[in-house]
Amino acid sequence: MTLEELKAYCVPEWERIQTHPFVAGIGQGTLPDEKLRYFIGQDALYLRDFYRVLSLIGGRLTPQEGAKTLIHHAETVFSVESTLHDAIARYFQMTPDDLQKVPLGWVTKGYRDHLVRTAYTESVAVAVAAVLPCYWTYQAIGQKLASSLPEHPWLREWILTYAGEAYGTAVAEVVHLFEHLPVAPAEEAQIRESYHWSMVYERRFWDQAWSSGQH
Ligand SMILES: Cc1ncc(CO)c(N)n1
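I will try to describe carefully the structure that is included in this document. (Residues numbered from 1 in each chain as written. Predicted model: local features only at pLDDT ≥ 70, side-chain atom pairs only at ≥ 80, totals over all residues. Heavy atoms only, no water.)

**Describing the site of the ligand**
Move 1: In the vicinity of the ligand, the contacting residues are Asp43, Tyr46, Leu47, Glu81, Cys134, Tyr138, Tyr162, Tyr167, Glu202 and Phe205.
Move 2: Glu81 places a side-chain nitrogen or oxygen 2.9 Å from a nitrogen atom of the ligand.
Move 3: At a separation of 3.5 Å, a nitrogen atom of the ligand approaches a polar side-chain atom of Tyr162.
Move 4: Taken atom by atom, the bulk of the ligand overlaps the largest cavity.
Move 5: Counting residues per element, the ones that place at least two in the shell around the ligand are helix H4 (33–60), helix H8 (124–145) and helix H11 (188–210).
Move 6: With three residues, H4 is the largest single contributor of residues to the shell around the ligand.
Move 7: When the residues that make up the shell around the ligand are grouped by side-chain class, the tally is seven nonpolar, no polar and three charged. (Near = heavy atom within 4 Å. Polar contact = N/O pair within 3.5 Å; in protein donor to acceptor, adjacent residues only side chain to side chain. 1 Å grid on protein atoms, 1.4 Å probe; cavity = no way out; pocket = protein on both sides within 12 Å on 5 of 7 lines; lining within 4 Å. Sits in = over half its atoms within 2 Å of the grid points. Helix = DSSP H or I, 4+ residues; strand = E, 2+ residues; numbered from the N terminus. Nonpolar A, V, L, I, M, F, W, Y, C, P; charged D, E, K, R; others polar.)

**Considerations on empty space enclosed by the protein**
Move 1: Under the criterion given, the structure shown has two cavities of 30 Å³ or more.
Move 2: In this structure, the largest cavity occupies an estimated 100 Å³ of space.
Move 3: Considering the residues around the largest cavity, the lining is formed by Asp43, Tyr46, Leu47, Phe50, Glu81, Tyr111, Cys134, Tyr138, Tyr162, Tyr167, Glu202 and Phe205.
Move 4: At the level of secondary structure, the elements contributing two or more residues to the lining of the largest cavity comprise H4, H8 and H11.
Move 5: Among the elements that take part in the lining of the largest cavity, H4 stands out by supplying four residues, more than any other.
Move 6: Of the residues assigned to the lining of the largest cavity, the class counts are nine nonpolar, no polar and three charged.
Move 7: Along the walls of the second largest cavity sit Trp14, Gln18, Val23, Ala140, Ile141, Lys144 and Leu145, which together make up its complete lining.
Move 8: Put simply, the parts of the chain that give the lining of the second largest cavity at least two residues each are helix H2 (11–18) and H8.
Move 9: With four residues, H8 is the largest single contributor of residues to the lining of the second largest cavity. (Points joined across faces, edges and corners; volume = space filled by probe spheres on them.)

**Notes on the layout of surface pockets**
Move 1: The computed volume of the largest pocket comes to approximately 260 Å³.
Move 2: Lining the largest pocket are 17 residues, with Thr76, Val80, Ala166, Tyr167 and Ala170 sitting closest to its centre.
Move 3: Only H4, helix H5 (67–91) and helix H10 (165–179) provide two or more residues apiece to the lining of the largest pocket.
Move 4: The class makeup of the residues in the lining of the largest pocket is eight nonpolar, six polar and three charged.
Move 5: Here the second largest pocket defines a volume of roughly 160 Å³.
Move 6: Considering the residues around the second largest pocket, the lining is formed by 13 residues, among which Ala44, Arg48, Ser82, Asp86 and Gln100 are closest to the centre.
Move 7: Secondary-structure elements contributing two or more residues to the lining of the second largest pocket are H4, H5 and helix H6 (96–99).
Move 8: At five residues, H5 tops the list of elements feeding residues into the lining of the second largest pocket.
Move 9: Classifying every residue of the lining of the second largest pocket by side-chain character gives seven nonpolar, three polar and three charged.

**Focus on H10**
Move 1: Taking 1.5 Å of rise per residue, 15 residues should cover 21 Å, and H10 covers 21 Å from first to last C-alpha, within 8% of that figure.
Move 2: Along H10, the positions that sit buried rather than exposed are Tyr167, Gly168, Ala170, Val171, Val174, Val175, Leu177 and Phe178.
Move 3: Looking at the buried residues of H10, the elements they touch are helix H1 (3–9), H5, H8, helix H9 (153–163) and H11. (Expected span 1.5 Å × (residues − 1). Buried < 20%, exposed > 50% of the residue type's maximum accessible area, 1.4 Å probe, protein only. Contact = heavy atoms within 4.5 Å.)

This is the structure in structure tokens:
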């Protein structure tokens, strides 16, 4: 199965993400600081499980299937994304720990639970399908917003991280891995379902951030 086939299956979710007011606010540099702070706090809580999910799926693969790719990506969650969060925390005169003191939002909780459960209990192809939206939607948002960068130093940095070459390589690697995994016909419906839930959670994550959890 290819990523393009999965994307075609979830077009309405992607349209909602692309046109989301939070995403537009990042691009225009008009996002209120308290919304950015809330989002980064929730995302820091999300990443605390995302690296686990990548390590867990990586541990279920052979080196030939791409174990090293996912283990390496788990490491870059710390070296790239958490580093960006820590820098944004400093901008708000907060420590990285302070940033995560926001109450865990229900979308963050649901998304983490979905990813951990899928990585732990489903087939590897179904588990990789669940992480695909995490990768490609952030890259697509970054690339779209990079054509006109805002003045805001950390919104600019956020965009450049996800539009950058290193992130692009990671996305290409996980897509390659997914598209080369053997898939039994009976698994296809589960792949679509796990991918679909992640797309729904990605969209809801932006909703949650826009309302700072007040929904
Ligand atoms: C919710 C969410 N999805 C995807 C990414 C990109 O890894 C992220 N940092 N946060």
